[in-house]
Amino acid sequence: MLLSQWIFKKYGWGAAAKITPTVLLLTGVGFFSLLLFGAPLAPTLAQFGMSPLLAAVYVGAMQNIFSKSAKYSLFDPCKEMAYIPLDEDTKVKGKAAIDVVCNPLGKSGGALIQQFMILTFGSLASSTPYLGGVLLVIVLAWLAAAESLDGQFTALRREEELEKEMERASLKIPIVSQNENGNGPLSSDSTSASSESSSPRSL
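A brief report on the enclosed structure follows. (Residues numbered from 1 in each chain as written. Predicted model: local features only at pLDDT ≥ 70, side-chain atom pairs only at ≥ 80, totals over all residues. Heavy atoms only, no water.)

### Thoughts on the overall build of the protein chain
Next up, step 1: Secondary structure assignment for the protein chain yields six helices and zero strands.
Next up, step 2: Sequence-ordered secondary structure for the protein chain, helices as α and strands as β, is α-α-α-α-α-α.
Next up, step 3: Of all 203 residues assigned to the protein chain, the portion counted as buried reaches 21%.
Next up, step 4: Here the contacts in the protein chain between residues at least 6 apart in sequence split such that 62% fall between residues at least 24 apart. (Helix = DSSP H or I, 4+ residues; strand = E, 2+ residues; numbered from the N terminus. Buried < 20%, exposed > 50% of the residue type's maximum accessible area, 1.4 Å probe, protein only. Contact = heavy atoms within 4.5 Å.)

### A closer look at the pattern of salt bridges
Next up, step 1: Tallied over the entire structure, the rule returns five salt bridges.
Next up, step 2: The partner of aspartate 76 in a salt bridge is lysine 71, and the shortest N-O contact between them spans 3.3 Å.
Next up, step 3: We classify lysine 71 as partly exposed; its relative accessible area is 29%.
Next up, step 4: Between lysine 95 and glutamate 80 there is a salt bridge whose closest N-O contact spans 3.2 Å. (Salt bridge = Lys/Arg side-chain N within 4 Å of Asp/Glu carboxyl O.)

### Observations concerning the environment of phenylalanine 8
Next up, step 1: Looking at the element boundaries, phenylalanine 8 is found in helix 1 (residues 2-37).
Next up, step 2: Taking the C-alpha atoms as reference points, phenylalanine 8 and proline 77, separated by 69 residues in sequence, lie 10.0 Å from one another.

### Focus: the nonpolar core
For soluble globular proteins, the rule of thumb is that nonpolar side chains tend to be buried together.
Next up, step 1: By size, the foremost hydrophobic cluster in this structure holds nine residues: Ile7, Trp13, Ala16, Ala17, Leu74, Cys78, Ala82, Ala146 and Phe153.
Next up, step 2: Contributing elements (two or more residues each) for this core: helix 1, helix 3 (52-81) and helix 5 (128-172).
Next up, step 3: In this structure, phenylalanine 153 is in contact with Trp13, Met81, Ala82 and Pro85, ignoring residues within four places of it in sequence. (Core = buried A, V, L, I, M, F, W, Y, C linked by side-chain atoms within 4.5 Å.)

### Thoughts on the layout of surface pockets
Next up, step 1: Reported here for the largest pocket is a volume of approximately 2100 Å³.
Next up, step 2: Around the largest pocket, the lining is made up of 49 residues, and of these Leu24, Gly106, Lys107, Ile138 and Trp142 lie nearest the centre.
Next up, step 3: The greatest single-element share of the lining of the largest pocket, amounting to 14 residues, is contributed by helix 5.
Next up, step 4: Classifying every residue of the lining of the largest pocket gives 31 nonpolar, 13 polar and five charged.
Next up, step 5: Approximately 170 Å³ is the volume found for the second largest pocket.
Next up, step 6: Together, Met1, Leu2, Leu3, Ser4, Ile7, Ile19, Val23, Phe66, Ser69, Ala70, Ser73 and Leu74 line the second largest pocket.
Next up, step 7: Taken together, the elements giving at least two residues each to the lining of the second largest pocket come down to helix 1 and helix 3.
Next up, step 8: Considering every element that reaches the lining of the second largest pocket, the biggest residue donor is helix 1, with six residues.
Next up, step 9: By residue class, the composition of the lining of the second largest pocket is nine nonpolar, three polar and no charged. (1 Å grid on protein atoms, 1.4 Å probe; cavity = no way out; pocket = protein on both sides within 12 Å on 5 of 7 lines; lining within 4 Å. Points joined across faces, edges and corners; volume = space filled by probe spheres on them. Nonpolar A, V, L, I, M, F, W, Y, C, P; charged D, E, K, R; others polar.)

### Let's talk about helix 3
Because each turn of an α-helix spans 3.6 residues, side chains separated by three or four positions in sequence point in the same direction.
Next up, step 1: Between its terminal C-alpha atoms helix 3 stretches 41 Å, which fits the 44 Å expected from 30 residues at 1.5 Å a residue.
Next up, step 2: Along helix 3, the helix axis deviates most sharply at lysine 71, where the bend reaches about 40°.
Next up, step 3: For helix 3, every residue scored as buried is listed here: Pro52, Ala55, Ala56, Val59, Gly60, Gln63, Ser67, Ala70, Ser73, Leu74, Asp76 and Cys78.
Next up, step 4: Summarising the contacts, the buried residues of helix 3 are in contact with helix 1 and helix 2 (42-46). (Expected span 1.5 Å × (residues − 1). Bend = angle between axes of the 7 residues up to and from the residue.)

### A look at the environment of valine 134
Next up, step 1: By secondary structure assignment, the location of valine 134 is in helix 5.
Next up, step 2: Here the alpha-carbon distance between valine 134 and glutamine 114, two residues 20 residues apart in the chain, equals 9.8 Å.
Next up, step 3: Residues in contact with valine 134, not counting those within four places in the same chain, are Ile113 and Met117.

### Observations concerning helix 4 (residues 88-121)
Next up, step 1: The end-to-end C-alpha separation of helix 4 is 48 Å, in line with the 50 Å expected for 34 residues at 1.5 Å each.
Next up, step 2: Of all the bends found along helix 4, the most pronounced is centred on isoleucine 98 and spans about 35°.
Next up, step 3: You can read the cap of helix 4 off the contacts: a side-chain oxygen lies 3.3 Å from the backbone nitrogen of aspartate 89, and it is on aspartate 87.
Next up, step 4: Trailing helix 4 by a residue or two, glycine 122 shows a phi angle of about 95°, which is positive. (Polar contact = N/O pair within 3.5 Å; in protein donor to acceptor, adjacent residues only side chain to side chain.)

Encoded structure:
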């Protein structure tokens, strides 16, 4: 969370939004690679006192730690920041749709895919390659969505900043009042002089 402030300031919203799926992609590739293709790495891992299965367990633990850290410190703030440039009506409807429909659908959908594959292939071990493929497709789609949303978010923020600059510039422009002959602004001296000339002289 301490690093997230520096990431937002230095690299912007887009880079921060891509860190969470990137962490899942790297750790997921490592985890499934050790499970599926760990046999050639067994002699090398044995020098460190680990088997491919134990190394996969460590990588899986790292995935849980770093993915949760990235989600709560980067992904969730990015999600809330994405609502900022929207108008009030779109903001309310979008937040309601994501919190009420999309979040529960994502969690239940992941469990449904896993149960379907276990029932189809007979066991979790048999369905591991297909789960790895599903994870790869979802994470790549996530990265593509973050890239697309980054362009839209940046464009909206630029429009918002441009509108604010135009408002500031319009406030700095002085209001010019013209006299009856249209010869320019009336100064305070000329106004006071005209008022004195029009007032009756004291006896």
